[in-house]
Amino acid sequence: MKRIAIDMDEVIADFHAKHLHLFNTNYYESLTIEDLKGSRLWKIRPEFSKEILDFVDDPSFFRDLKVMEGSQEVIRELSKYYEIFITTAAMEHPSSFQAKFEWLNEYFSFIPQMNYVFCGNKSIIKADYLIDDSSRHFQGFQGQGILFSAPHNIYESGFIRVNNWYEVNDYFFNNNRQTK
Ligand SMILES: [Mg+2]
């Protein structure tokens, strides 16, 4: 079986919805996903960059993120034909380990726990595909990188790109259709 490595945040877990909501609520703003295009929250509000990163270091932050639409159905189907690993750069937020583990266990219980990979530098990952919203993780990755669209990467080019989980499904099941 070929292997697919799949990132968590902004790929199967809706990081932005909660992060933006927390920021807007705390700072009386009304930023939207549109405002994040081609950027990051801490870049467009540099005066609050520390507080913005602090939200994510709350040990419970990752526990109640929404599941990205279609991800459970598509990954369940993929898991019949491919070996699935969840590869998250959790070392960026060590306080997130417990919440991320519990979240995976709750929403992706069909993926064996031994296939959860909490890592830092993803070039160590040996898989045939890596689905990730951060293109930097494709550097040094030996397999095929697949960029999952997120506001911050919307203007990046030169990668195989999927805009949602239905396009992931198409990529793997319908002729490897490639969207650039
Ligand atoms: Mg990510």
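Just so it is clear, the structure is predicted and the values come from calculations on it, not from any experiment.

1. A short note on helix α1 (residues 15-27)
In step 1: Its 13 residues give α1 an end-to-end C-alpha distance of 18 Å, which sits within 8% of 18 Å, the value for a rise of 1.5 Å per residue.
In step 2: All of the buried residues in α1 are F15, H16, H19, L20, F23 and N24. For α1, the angular spread of buried residues about the axis comes to 135°, placing them on one side.
In step 3: The N-capping residue of α1, defined by a side-chain oxygen 3.2 Å from the backbone nitrogen of A17, is D14.
In step 4: Looking one or two residues past α1, Y28 carries a phi angle of roughly 50°, positive in sign.

2. Some points on unusual backbone geometry
In step 1: A positive phi angle is found at E10, which is not glycine, with a value near 70°.
In step 2: Structurally, E10 is set in the loop between β1 (2-6) and β2 (13-14).
In step 3: Phi at Y28 takes a positive value of approximately 50°, unusual for a residue other than glycine.
In step 4: Relative to the assigned elements, Y28 resides in the loop between α1 and α2 (41-44).

3. Here's the deal with the packing of aromatic side chains
One pair of aromatic rings is described through two measures. These are the centre distance and the angle between the planes.
In step 1: Considering all chains together, one arrives at 19 aromatic pairs under this definition.
In step 2: Between F61 and F62, the ring centres sit 5.0 Å apart and the planes meet at 80°, which makes this aromatic pair edge-to-face.
In step 3: Look at F61 and you get buried, because its relative accessible area is 1%.
In step 4: Geometrically, the ring pair formed by Y129 and Y171 is edge-to-face, given 6.2 Å between the ring centres and 85° between the ring planes. On the criterion of sequence distance, the pair formed by Y129 in strand β6 (residues 129-132) and Y171 in helix α6 (residues 165-173) is long-range, its members being 42 residues apart. One exposure class covers both Y129 and Y171, and it is buried.
In step 5: The ring of F61 is capped by K18, whose NZ or CZ atom sits 4.8 Å from the centre of that ring.
In step 6: Taking the ring centre of F62 as reference, the NZ or CZ of K100 above it sits at 4.7 Å.

4. Topic: the coordination of the magnesium ion
Reference geometry at the metal: tetrahedral coordination by four donors gives ideal angles of 109.5 degrees; octahedral coordination by six donors gives 90 or 180 degrees.
In step 1: Bound to the magnesium ion are the protein donor atoms D7 (OD), D9 (O) and D133 (OD), situated 2.0 to 2.3 Å from the metal.
In step 2: Positions of the donor residues of the magnesium ion along the chain correspond to the pattern D-x1-D-x123-D. Residue D7 is located in the loop between β1 and β2, and its partner D133 is located in the loop between β6 and β7 (144-148); the two are separated by 126 residues in the primary sequence. Comparing D7 with D133 shows no difference in burial state: the two are buried.

Cut-off values and rules
Residues numbered from 1 in each chain as written. Predicted model: local features only at pLDDT ≥ 70, side-chain atom pairs only at ≥ 80, totals over all residues. Heavy atoms only, no water. Helix = DSSP H or I, 4+ residues; strand = E, 2+ residues; numbered from the N terminus. Expected span 1.5 Å × (residues − 1). Buried < 20%, exposed > 50% of the residue type's maximum accessible area, 1.4 Å probe, protein only. Arc of directions from axis to C-beta. Polar contact = N/O pair within 3.5 Å; in protein donor to acceptor, adjacent residues only side chain to side chain. Phe/Tyr/Trp six-rings, centres within 6.5 Å; stacked < 30°, edge-to-face > 60°. Lys NZ or Arg CZ within 6 Å of the ring centre and 35° of its normal. Donors = N, O, S within 2.8 Å, 3.2 Å for Na, K, Ca; no water.

Shape descriptors only; they carry no functional weight alone.
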